Amino acid sequence: MFKTLVTMSLAAGIFTGAFGTALAEDKAPVKIGWAAWSDAEFVTKLAAKLIKDELGHEVQLIQTDVAPLYQGVARGDLDAMMMAWLPETHADYFAKVKDKVTTLGTVYDGAKLGWVVPKYVPEDAIASIEDLNKDDVKEKLKGRVEGIDPGAGLTRLSEQAVKDYALDGYKLQISSEAGMLTTVDRAIRKQEWFVATSWSPHWMFGKYELRYIDDPKGSLGNAEHVDIIARKDFPTDNPAVAAFLSRMKLPIGDLEAAMFNAQETSYEKAVEKYIADHPDQIKAWLAADEG
């Protein structure tokens, strides 16, 4: 499932004993897993560039689905992942591995899950999820809730919301982030009504005029924090990188702006711009631990 690790040549046979083993472990690529979500892609690629350029470690980025990410870190196939949505969204995944991983820190606070509609949909028509049961609203929405990946925590919670609000006649469209965004873009260009699963931070709020609808039953959870988790021995095996990741924290507003920039340019250019625009923040992340 995971890409084959490319072994670095360390002049095998020259170094022997404990020193040689420690050196080999220290110089092995740092393996960071991520799922194809725009927030995870930005923070992961930002971390990777700083680890390589500033800390001198090669980084291998491994993209897969959410469940294999947790399993990979727990087994030691991955060193870390930077997208553990807690305490609710990824609660099931985390519960299965919590004794086999270590939490390095929180990369951003104030994350939110919810359902969104375009702002041109009147609030007196759709103010909350409960309003989706109105006959005229159901007809306008064609009985669809636009969803994302089948393994996403947001999908699991949205399936529960359909039950909690007794949304008979609705189908949660299981797709992907890219598929959901394509549907949203097409609907907005035609000024059609839609309801879609979404989350903050996300660049879509910079591109489109959207609003969350209320969730009075709390089916989709409350504010979340997004943590960096690592395999148990990673802080011992690679203390410099682990310490850097533990200090890495982005204000959610800065992250959304960077994500939107990534969509307008590229993730690589957005990462470079973020580093150039936030020198003091980057310096604090990279600061060596004081003895």
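Below, the structure is looked at part by part. (Residues numbered from 1 in each chain as written. Predicted model: local features only at pLDDT ≥ 70, side-chain atom pairs only at ≥ 80, totals over all residues. Heavy atoms only, no water.)

1. Concerning the layout of surface pockets
Note the following rule: Here a cavity means grid points, on a 1 Å grid over the protein atoms only, where a 1.4 Å probe fits yet cannot get out; a pocket means an open set of points with protein on both sides within 12 Å along at least five of seven lines; lining residues are those with an atom within 4 Å of a point. Grid points are joined across faces, edges and corners, and a volume is the space filled by probe spheres set on the points. Helix and strand definitions follow DSSP, with helices as H or I runs of at least four residues and strands as E runs of at least two, each counted in order from the N terminus. Lys, Arg, Asp and Glu make up the charged group, whereas Ala, Val, Leu, Ile, Met, Phe, Trp, Tyr, Cys and Pro make up the nonpolar group; the residues left over, Gly among them, are polar.
Counted as a void, the largest pocket has a volume near 210 Å³. For the largest pocket, the full set of lining residues is Lys140, Leu141, Lys142, Arg144, Glu146, Thr183, Arg186, Ala187, Glu192, Trp193, Phe194 and Val195. The leading source of residues in the lining of the largest pocket is helix α7 (residues 177-189), at three residues. A breakdown of the residues in the lining of the largest pocket according to their chemical character gives five nonpolar, one polar and six charged. Of the volumes computed, that of the second largest pocket is approximately 150 Å³. What lines the second largest pocket is simply Ala111, Lys112, Leu113, Gly114, Tyr212, Ile213, Asp214, Asp215, Leu220, Gly221, Asn222 and Ala223. Ranked by the residues each element gives to the lining of the second largest pocket, the list is headed by strand β4 (residues 101-118), at four residues.

2. Re the nonpolar core
The following threshold applies: Only buried Ala, Val, Leu, Ile, Met, Phe, Trp, Tyr and Cys residues count toward a nonpolar core, and they belong to the same one when joined by side-chain atoms within 4.5 Å. Note on classification: 1.4 Å probe, protein chains only; a residue is buried when its accessible area is under 20% of the maximum for its type, exposed when over 50%, partly exposed between these limits. When checking whether two residues touch, look at their non-hydrogen atoms; a contact exists if any pair is within 4.5 Å.
If you look at the biggest cluster of nonpolar residues, it comprises 91 residues, and the most contacted ones within it are Phe42, Trp115, Ile126, Leu132, Leu245 and Leu250. Among the elements that make up this core, the one with the highest residue count is β4 (nine residues). Excluding its chain neighbours within four sequence positions, the residues that come into contact with leucine 245 are Ala47, Ile51, Ala80, Met82, Leu104, Ile228 and Phe234.

3. Focus on the packing of helix α11 (residues 252-264) against helix α12 (residues 267-277)
Rule in force here: Only the stretch in contact is used when fitting a helix axis, every axis being a line fitted to C-alpha atoms; angles between N-to-C directions are given from 0 to 180 degrees. Working definition: roughly parallel below 35 degrees, roughly antiparallel above 145 degrees, roughly perpendicular at 65 to 115 degrees, and oblique for all remaining angles. Two helices crossing with the near one rotated counterclockwise from the far one by less than a right angle form a left-handed crossing, whereas a clockwise rotation gives a right-handed crossing.
Interaxial distance between α11 and α12 falls to 7 Å at its minimum, and their mutual angle equals 140°. It follows from the interaxial angle that α11 and α12 lie oblique. In terms of crossing hand, the pair formed by α11 and α12 is right-handed. Two secondary-structure elements touch here, α11 through Asp254, Ala258, Asn261, Ala262 and Gln263 and α12 through Tyr267, Ala270, Lys273 and Tyr274.

4. Some words on the environment of aspartate 99
Within the element layout of this structure, aspartate 99 appears in the loop between α4 (91-97) and β4. In this structure, the C-alpha to C-alpha distance between aspartate 99 and lysine 232, residues 133 residues apart in sequence, is 8.6 Å.

5. Let's talk about the pattern of salt bridges
Rule in force here: Whenever a carboxyl oxygen of Asp or Glu lies within 4 Å of a side-chain nitrogen of Lys or Arg, that contact is scored as a salt bridge.
A full pass over the atoms with the stated rule returns 13 salt bridges. Between lysine 52 and glutamate 58 there is a salt bridge whose closest N-O contact spans 3.9 Å. For glutamate 58, a relative accessible area of 36% corresponds to the partly exposed category. A salt bridge links aspartate 109 to lysine 249; the shortest N-O distance between them is 2.6 Å. Here the residue aspartate 109 occupies a position in strand β4, and lysine 249 occupies one in the loop between α10 (239-247) and α11, the gap between them amounting to 140 residues. On the basis of relative accessible area, lysine 249 is assigned to the partly exposed category, the value being 40%.

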